[in-house]
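Observations on the three-dimensional arrangement
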Amino acid sequence: MGFKRAAEEVLREIGRPLHYTDITELALEAGYLTTRGKTPHNTMRARLSVDVRDNPESPFVQTAPGVYGLRKMPKGR
């Protein structure tokens, strides 16, 4: 699973915005994300940042510096 898909899964499960380092850690722990790179936190930040900036249909929103959530949070959260 890629970085953005892993972030979506984590954010759906948690139900609230998280800092990109927390998203990355939870995705790695859950097995949603596997990477050989040395800086997965930086990659996650870049992927989310670019998606929010360049994709009007992005499922993500930036709620504070480095903090991302889902545009549409699951019901009951």
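Quantities reported herein were computed from a predicted structural model and do not represent experimental measurements. The residue count restarts for each chain, going from 1 along the sequence in the order it is written. Note on the predicted model: pLDDT of at least 70 is required for a residue's local features to be given, and 80 or more for side-chain atom pairs to be given and counted; whole-chain, interface and lining totals, by contrast, use all residues. Excluding hydrogens and water, the side-chain figures rest on all heavy atoms present in the structure.

**What about the sheet that holds strand β3 (residues 67-70)?**
Within a sheet, adjacent strands bond to each other through the backbone by hydrogen bonds, running parallel or antiparallel. Pairing between strands requires that DSSP locate at least two bridges from one strand to the other. We count a stretch as a helix when DSSP gives it H or I for four or more residues in a row; a strand needs E for two or more, and each element gets its number in order from the N terminus. Sheet architecture is open: three strands sit in the order β1-β3-β2, paired in antiparallel fashion. Strand pairing shows two members of the sheet lacking a second neighbour, β1 (18-19) and β2 (60-64), which therefore form its edges. Across four bridges, the pairing between β2 and β3 is antiparallel. Within β3, the position partnered with V61 by the bridge is G69. Residue contacts are defined here by distance: any two heavy atoms, one from each residue, within 4.5 Å place the two residues in contact. To get an axis, a line is fitted to the C-alpha atoms, and for a helix only the part in contact is used. The angle between two axes follows their N-to-C directions and goes from 0 to 180 degrees. Contacting β1, β2 and β3, helix α1 (residues 3-14) runs over the sheet at an angle of about 75 degrees to β3.

**Thoughts on the nonpolar core**
One finds A7, L11, I23, L33, M44, L48 and F60 to be the most contacted residues of the largest nonpolar core, which totals 15 residues. Sorting the residues of this core by element identifies α1, α2 (20-30), α3 (40-54) and β3 as the ones contributing at least two each. Per element, the largest residue contribution to this core is five residues, and it comes from α1. If sequence neighbours within four positions are ignored, I23 has contacts with A7, V10, L11, L18, M44, L48 and Y68. What is meant by a nonpolar core is a set of buried Ala, Val, Leu, Ile, Met, Phe, Trp, Tyr and Cys residues, joined one to another through side-chain atoms within 4.5 Å. Burial here depends on accessible area, computed with a 1.4 Å probe over protein chains only, as a share of the maximum for the residue type. Under 20% is buried, over 50% is exposed, and the range in between is partly exposed.

**Some remarks on the side chain of E8**
Looking at the secondary structure, you find E8 in helix α1. Contacts of E8, omitting those with residues within four sequence positions, involve P59, F60 and L70.

**Thoughts on the pairing of β3**
Side-chain direction in a regular strand flips from residue to residue, so the side chains alternate between the two faces of the sheet. What you see with β3 is no split at all: V67 and G69 on one side and Y68 and L70 on the other are buried throughout. Pairing analysis gives two bridges linking β1 to β3, with the strands arranged antiparallel. Paired with H19 across the bridge in β3 is V67. Two successive antiparallel strands, β2 and β3, enclose a turn made up of two residues, where G66 displays a positive phi of approximately 80 degrees.

**Re the environment of T34**
Here T34 shows up in the loop between α2 and α3. Each C-alpha atom of the pair T34 and F3 lies 9.0 Å from the other, and the pair is 31 residues apart in sequence.

**Focus: the pattern of salt bridges**
When the charged atoms of two side chains with opposite charge come close together, those side chains can pair. Basic side-chain nitrogens of Lys or Arg form a salt bridge, by our definition, when they fall within 4 Å of a carboxyl oxygen of Asp or Glu. This model, assessed by the stated rule, comprises four salt bridges. Ionic pairing is found between E9 and R5, a salt bridge with its closest N-O pair at 2.8 Å. One end of the pair, E9, and the other, R5, are both in helix α1, four residues apart, so they sit about a helical turn from each other. Under the relative-accessibility criterion, R5 is labelled partly exposed at 40%.

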